[in-house]
Amino acid sequence: MAAEEKSVCESKNFETIFKTNAETLRNFIYYKCGNEQQAEDIVQEAFVKLWKNCAKVIFTKAKSYLYTVANNMFLNEVAHAKVVLKYKQQSPGKVSNETPEFILREKEFQEKLQRTIAKLPEGQREVFLLNRIDKKTYKEIAEIIGLSVKAVEKRMHKALVTLRKEIGNI
């Protein structure tokens, strides 16, 4: 049987193409990308593509087909990596419409709030944070701490009075 008549779709012919070209094709791609795993993946995909298009590929042109496909796959990966890199460089950080003065005042307020909360007596601070941060009801707080609901309400009231006096209306 002449080489022109051999079909790439026959498994023994495909196996012959694989055995004679796989290693050199992998080395070719490895020298381009410097990543052994990436080179092996590209070579594997090239052979899959050859198998899917075996009826269209002439046996004598299989080697050049593989090299062309593998090279194009590598170039596509490089182009994709460039797009990803460009996007990462362009992606804006946190955008804010507030003026620098507003941002500074907000930061100062947060710091003052934290200091004032830290100065609260332990019981008041505990009730305040459980209610305002953890979103617990007075009843849930009473069960957690082991107090009556009235005692929790009183601690919360005292904490709010202190906070309003120190930093204004919350």
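Residues numbered from 1 in each chain as written. Predicted model: local features only at pLDDT ≥ 70, side-chain atom pairs only at ≥ 80, totals over all residues. Heavy atoms only, no water.

## With respect to the overall build of the protein chain
- Helix and strand counts for the protein chain stand at seven helices and zero strands.
- Helices (α) and strands (β) of the protein chain occur, in sequence order from the N terminus, as α-α-α-α-α-α-α.
- A compact globule built from 170 residues should have a C-alpha radius of gyration of about 15 Å, whereas the protein chain, at 35 Å, is more than 25% larger.
- C-alpha atoms of the protein chain, sized along the principal axes, occupy 100 × 40 × 25 Å.
- Of all 170 residues assigned to the protein chain, the portion counted as buried reaches 27%.
- Within the protein chain, contacts between residues at least 6 apart in sequence are counted, and of these 60% link residues at least 24 apart.
- Charged side chains in the protein chain number 30 positive and 22 negative. The centres of these two groups are separated by 6 Å. (Helix = DSSP H or I, 4+ residues; strand = E, 2+ residues; numbered from the N terminus. Rg over C-alpha atoms; globule rule 2.2 N^0.38 Å. Buried < 20%, exposed > 50% of the residue type's maximum accessible area, 1.4 Å probe, protein only. Contact = heavy atoms within 4.5 Å. Lys, Arg positive; Asp, Glu negative; His and termini not counted. Charge placed at Lys NZ, Arg CZ, Asp CG, Glu CD.)

## Observations regarding the packing of helix H4 (residues 100–119) against helix H7 (residues 149–167)
- Two numbers describe how H4 lies on H7: the axes approach to 10 Å, and their chain directions differ by 140°. On the basis of their axis angle, the class for H4 and H7 is oblique. The handedness of the crossing between H4 and H7 is right-handed. In this structure, H4 contributes Phe109, Lys112, Leu113, Thr116 and Ile117 to the contact, and H7 contributes Leu163, Glu166 and Ile167.
- A breakdown of the residues in the contact of H4 with H7 according to their chemical character gives five nonpolar, one polar and two charged. (Axes fitted to C-alpha atoms, helices over the stretch in contact; angles between N-to-C directions. Parallel < 35°, antiparallel > 145°, perpendicular 65-115°, else oblique. Left-handed = near helix turned anticlockwise from the far one by under 90°. Nonpolar A, V, L, I, M, F, W, Y, C, P; charged D, E, K, R; others polar.)

## Overview of the state of the cysteines
- On inspection of all chains with the given rule, the structure shows one disulfide.
- The disulfide that involves cysteine 9 links it to cysteine 54, with 1.9 Å between the sulfurs. Disulfide cysteine 9 to cysteine 54: torsion about the S-S bond roughly 95°, handedness right-handed. Within this pair, whereas cysteine 9 is found in the segment before helix H1 (11–33), its partner cysteine 54 is found in the loop between helix H2 (36–52) and helix H3 (62–90), the two being separated by 45 residues in sequence.
- Judged by its relative accessible area of 28%, cysteine 9 is partly exposed.
- We classify cysteine 54 as buried; its relative accessible area is 11%. (Disulfide = S-S within 2.5 Å.)

## A word on the packing of helix H5 (residues 122–132) against helix H6 (residues 138–145)
- Running from amino to carboxyl end, H5 crosses H6 at an angle of 135°, the nearest separation of the two axes being 10 Å. The orientation of H5 with respect to H6, classified from their angle, is oblique. Crossing hand, H5 versus H6: right-handed. Only Tyr138, Ile141 and Ile145 of H6 make contact with H5, whose side of the interface consists of Glu126, Val127, Leu130 and Asn131.
- When the residues that make up the contact of H5 with H6 are grouped by side-chain class, the tally is five nonpolar, one polar and one charged.

## As for the pattern of salt bridges
- This structure, assessed with the given rule, holds three salt bridges.
- A salt bridge links glutamate 15 to lysine 19; the nearest nitrogen and oxygen atoms lie 3.0 Å apart. Pair noted here: glutamate 15 and lysine 19 are both in helix H1, with a separation of four residues, about one helical turn.
- Measuring nitrogen to oxygen at the nearest pair gives 3.0 Å for the salt bridge that ties arginine 105 to glutamate 101. Note that arginine 105 and glutamate 101 are positioned in helix H4 at a spacing of four residues, about one turn of the helix.
- Of the residues examined, arginine 105 reaches a relative accessible area of 55% and is grouped as exposed. (Salt bridge = Lys/Arg side-chain N within 4 Å of Asp/Glu carboxyl O.)

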